[in-house]
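Commentary on secondary and tertiary structure
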Amino acid sequence: MNPPIDRELDVRGLNCPMPILKAKKALAELESGQVLRILATDPGSTRDFQAFARQTGHELLEQRQQQDEFVHVLKKK
């Protein structure tokens, strides 16, 4: 079962590096353990968020594609 989403970030229509920059800002406003869901349309965002999670230590809980949208779920470390 997935944890509840604490915040949702809509970065649809934005291209790299904006989704990552906006997610970084949103995560900074969350408490440790809280969960951020990001909605994106940039196909490169899947790879970008994988690298972002590796580099920052935040946990990438889920990634999926729904039509031409990409959903990323990150848990703040």
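Structure's up top.
All residue numbers refer to positions counted from 1 along the written sequence of the respective chain. Thresholds applied to this predicted model are a pLDDT of at least 70 for local features of residues and 80 or more for the giving and counting of side-chain atom pairs; totals over whole chains, interfaces and linings are not thresholded and use all residues. Note that the side-chain values use all heavy atoms of the structure and ignore hydrogens as well as water.

Describing helix α1 (residues 18-28)
Restricting attention to buried positions, one finds in α1 the residues Pro19, Ile20, Ala23, Ala26 and Leu27. Seen from one end, α1 has its buried residues packed into an arc of 125 degrees, which puts them on one side. Exposed residues pointing more than 90 degrees away from the buried face of α1 are listed as Lys24, Lys25 and Ala28. Those residues of α1 that are buried are in contact with β1 (7-10), β2 (35-40), α2 (45-56) and β4 (69-75). Only protein chains enter the area calculation, which uses a 1.4 Å probe; residues under 20% of their type maximum are buried, those over 50% are exposed, and those in between are partly exposed. Working definition: helices are DSSP H or I runs of at least four residues, strands are E runs of at least two. Numbering for both runs from the N terminus. Note that the arc is computed from the directions linking the helix axis to the C-beta atoms. Pairs of residues are marked as contacts when any of their non-hydrogen atoms sit within 4.5 Å.

A short note on the environment of aspartate 42
The topology assignment puts aspartate 42 in the loop between β2 and α2. The residues touching aspartate 42, leaving out its near neighbours within four places in the chain, are Leu14, Asn15, Cys16, Asp48 and Phe70. Looking at aspartate 42, its side chain comes within polar contact range of the main-chain nitrogen of cysteine 16, at 3.0 Å. Here a polar contact is recorded for every N or O atom pair within 3.5 Å, except that within protein the pair must consist of a potential hydrogen donor and a potential acceptor, and residues adjacent in sequence are included only if both atoms are side-chain atoms. In terms of polar contacts, aspartate 42 uses its side chain to reach the backbone amide nitrogen of glycine 44, at 3.0 Å.

What about α2?
For a helix, the expected span equals 1.5 Å multiplied by the number of residues minus one. An ideal rise of 1.5 Å per residue puts 16 Å on 12 residues; α2 measures up with 16 Å between its terminal C-alpha atoms. Ser45, Asp48, Phe49, Ala51, Phe52 and Ala53 are the residues of α2 that are buried. Summarising the contacts, the buried residues of α2 are in contact with α1, β2, β3 (59-66) and β4. Following α2 by one or two positions, glycine 57 has its phi on the positive side, about 90 degrees.

Here we look at the pairing of β4
Here β4 lies mainly inside the structure; 5 of its 7 residues are buried. In this structure, β2 lies alongside β4, joined through 6 bridges in antiparallel fashion. Across the sheet, the residue bridging to isoleucine 38 is histidine 72, located in β4. Two strands make a pair as long as DSSP finds a minimum of two bridges between them. Two elements, β3 and β4, share 7 bridges in a ladder whose sense is antiparallel. Note on β4: the bridge partner recorded for leucine 60 is leucine 74. What sits between β3 and β4 in their antiparallel hairpin is a turn of 2 residues, with glutamine 67 showing a positive phi close to 50 degrees.

Things to note about the sheet that holds β4
Here we have 4 strands laid out as an open sheet, ordered β1-β2-β4-β3, and mixed in their pairing. A single partner strand is all that each edge strand has here, and the edge strands are β1 and β3. Averaged over neighbouring strand pairs, the angle between their axes works out to 15 degrees when direction is ignored. For every element, the axis is a line fit to its C-alpha atoms; helices are fit only across the contacting stretch, and the angle between N-to-C directions ranges from 0 to 180 degrees. Strand contacts of α2: β2, β3 and β4, with the helix running at about 10 degrees to β4, the strand carrying the most contacts.

So, to be careful, I would describe these as geometric facts and stop short of saying anything about function.
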